[in-house]
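What follows is each chain in one-letter form.
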Amino acid sequence: FRGSKPDYEKYHAHFRPGRQHQVIGEASPIYMYWNNAPSRIWSYNRQMKWILILRNPVDRAYSAWNMERTRGAEPLTFEEAVAQEQARCREALPLQHRIFSYLDRGFYAGQVRRLFNIFGPENCLILLNEDLHLDHQRTLRSVFQFLGVNDSIATAERRVFEQEYDRPMDAALHSRLTDMFHFDMRELERLVGRVELEQVGEVVADQRLLVVGRAGAGGRLPPVAGGDQVAEVHRGAVDALVEAGAA
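This write-up is about the structure you can find in this document. (Residues numbered from 1 in each chain as written. Predicted model: local features only at pLDDT ≥ 70, side-chain atom pairs only at ≥ 80, totals over all residues. Heavy atoms only, no water.)

Here the focus is unusual backbone geometry. For the bond running from L93 to P94, omega is 10°, close enough to zero to count as cis. Mapping P94 onto the fold places it in the loop between α5 (85-90) and α6 (108-119). (Helix = DSSP H or I, 4+ residues; strand = E, 2+ residues; numbered from the N terminus.)

This part is about the side chain of N56. Positionally, N56 belongs in the loop between β2 (49-54) and α3 (57-71). Only 3.1 Å separates the side chain of N56 from the backbone nitrogen of D59, close enough to count as a polar contact. (Polar contact = N/O pair within 3.5 Å; in protein donor to acceptor, adjacent residues only side chain to side chain.)

In the structure shown here, the tally under the stated rule is six salt bridges. We note a salt bridge from E187 to R113, for which the minimum N-O separation is 2.7 Å. Of the two residues, E187 is situated in helix α10 (residues 182-192) and R113 in helix α6; the sequence distance between them amounts to 74 residues. According to the relative accessible area criterion, E187 is partly exposed, its value standing at 22%. Look at R113 and you get partly exposed, because its relative accessible area is 32%. One connected set of salt bridges, linked through shared partners, spans R113, E187 and R190. (Salt bridge = Lys/Arg side-chain N within 4 Å of Asp/Glu carboxyl O. Buried < 20%, exposed > 50% of the residue type's maximum accessible area, 1.4 Å probe, protein only.)

Packing of helix α2 (residues 37-44) against α6 brings their axes to within 10 Å, and their N-to-C directions diverge by 20°. Between α2 and α6, the angle falls in the class roughly parallel. By crossing handedness, the relation of α2 to α6 is classed as right-handed. Of α6, the residues touching α2 (which contributes P38, S39, I41 and W42) are R114, L115, I118 and F119. In terms of residue class, the contact of α2 with α6 is made up of six nonpolar, one polar and one charged. (Axes fitted to C-alpha atoms, helices over the stretch in contact; angles between N-to-C directions. Parallel < 35°, antiparallel > 145°, perpendicular 65-115°, else oblique. Left-handed = near helix turned anticlockwise from the far one by under 90°. Contact = heavy atoms within 4.5 Å. Nonpolar A, V, L, I, M, F, W, Y, C, P; charged D, E, K, R; others polar.)

Another point: α10. Because the α-helix completes a turn every 3.6 residues, residues three or four places apart line up on one side. Among the residues of α10, those classed as buried are D184, M185, L188, E189 and L191. In an axial view of α10, the angular spread of the buried residues amounts to 160°, which keeps them on one side of the axis. Away from the buried face of α10 by more than 90 degrees, exposed residues F183 and R190 are located. Structurally, α10 contributes buried residues whose contacts are with β2, α3 and α6. Phi for G193, located one or two positions after α10, is positive at around 75°. (Arc of directions from axis to C-beta.)

Now the structure itself:
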């Protein structure tokens, strides 16, 4: 997609809308972080809605490192990786680094501000991992209401994207990195109006976001003949939205 006009037909081929569906979406941890992604998504559909599920940025970084370590893409220890992050990420300039940006991805305030500026706060729903973990049904209802679909669907709670750790993060390193994010968390609290954000994250999951658009809007995904439009999501706890859209 970079540097050329996108072929949206290739993108649309990943979706299989049904007659009963109302909205369609997907989930990824990269769109919110990638500098150019929000503006390109705005060019595709200006009415897109965003659902951000945020995790404690230090725990998120350790989880991402552990995942890459398990995949064999990361030869360094976590402490080595964060110490060398800036130098390693410079290798990807002028882009961001998709793998080694463990800490950089956790500075959420600027990423959220960019989404607010492009799509408006009214089209962005900010959640915490704890919201899904501690009050699953109410949180899902808030998601359904935000999307304008049936909010009476009850779904079974389940844990997704869990992974094993060889050892916990060193406590002193965790504390030092937490201090690094202090002012960004304060700015994020101001942006989204929540005062408990510094406490985010004991649930084993990654930062995710769901991008959802109405089918057929602005000449985008075509409406399904003979019925409502599209409701489909990929990955994670928010896949319950499929059931909500189909109800």
